[in-house]
Amino acid sequence: MDIGRLSLNSMTVPSLSLEELVDKAVGRGIPAVAPWRNLLREDLPASAARRCLVDAGLHVSSLCRGGLFTSSSRAGRAAAIEETMRAIDEAAELAAECLVMVCGPVVEKDVAGSFSMVRDGLGAVIDHAERAGVNLGLEPLHPMMSADRSVVASLRDAHDLIVELGWPHRLGVVIDLYHVWWDRELPRYVELLSDRILGLHVSDWVTPLTGGIASGRGMMGDGSIDIPGLVRAIPWPGFIEVEVLSDELWQRPVEDTLDLVVERFGSHV
């Protein structure tokens, strides 16, 4: 894949500040970045971060993350809605192509009830996203993460949420191959959501996991996913984020990791 479609997700190199992320991307000819919200800080709010990105000529493929709508308490659910609205405002300030939504885990062993909390939380923020001009990208996570990250565990789940909410203009999906590559229904729901795809993330599934399920990813080409085949099958013309959360990779020198990102994007995406 041509480097012109590469976006560097900040969690691939989490030791870098936003300024350092920008510098490293520019130095390697990477045209886009995807920061997580932890890179914004008191002395570098979204407005200042935007100036840094614009001055460098970089696009922002996404901002991560909003959501986490599930909670056993009404106050917890209200706080998640408020925090997501702040994330929407930051995404607007950064001119991010979408805000990635990690929807929240199963609470109190109630899968259906937790799914309803996600639907209600999205319903509470969608008008704010519309007014801000921000797309919300539902990111299904691997089913093994349902207990601590997201009850939305497949593209089918994301599709059902969008349908239940009446196909809001600003609501779509982000497809992370690490989370959905195993799903035999993937082609069907890619087709059904073809006009709602807001982003595409790549990394690889390695066995045995080098870390936990959340941070045991592999670099493209090191695992079981047919990344080039899936990329060809998904109708997404935009930036492709390299998001490799890896305990093993995080121990390497940053420069080595970045060299590997560029090399493998060219040869295995």
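Above this text sits the structure in question.
Now for a description of the structure that goes with this document. (Residues numbered from 1 in each chain as written. Predicted model: local features only at pLDDT ≥ 70, side-chain atom pairs only at ≥ 80, totals over all residues. Heavy atoms only, no water.)

**Considerations on the nonpolar core**
Argument step 1. Among the nonpolar cores identified, the biggest contains 80 residues, and Leu99, Leu136, Leu138, Ile175, Leu177 and Val202 are the most heavily contacted of them.
Argument step 2. Looking at this core element by element, the count peaks at six residues for helix α4 (residues 111–132).
Argument step 3. Residue contacts for Leu136: discarding those within four places in its chain leaves Ile88, Leu99, Met101, Val125, Ile126, Ala129, Arg170, Leu171, Gly172 and Leu198.
Argument step 4. One finds Met11, Cys64, Val174 and Leu198 within the second-largest nonpolar core, a separate group that totals eight residues. (Core = buried A, V, L, I, M, F, W, Y, C linked by side-chain atoms within 4.5 Å. Buried < 20%, exposed > 50% of the residue type's maximum accessible area, 1.4 Å probe, protein only. Helix = DSSP H or I, 4+ residues; strand = E, 2+ residues; numbered from the N terminus. Contact = heavy atoms within 4.5 Å.)

**Looking at helix α2 (residues 46–56)**
Argument step 1. For α2, every residue scored as buried is listed here: Ala46, Ala48, Ala49 and Leu53. What you see down the axis of α2 is that its buried residues fit within an arc of 165°, all on one side. Turned more than 90 degrees away from the buried face of α2, the exposed residues are Arg51 and Asp55.
Argument step 2. Buried residues along α2 sit against α1 (18–27), β2 (32–34), β3 (59–60) and α3 (74–94).
Argument step 3. Gly57 lies just past α2 and shows a positive phi near 75°. (Arc of directions from axis to C-beta.)

Read these as spatial facts, not as claims about activity.
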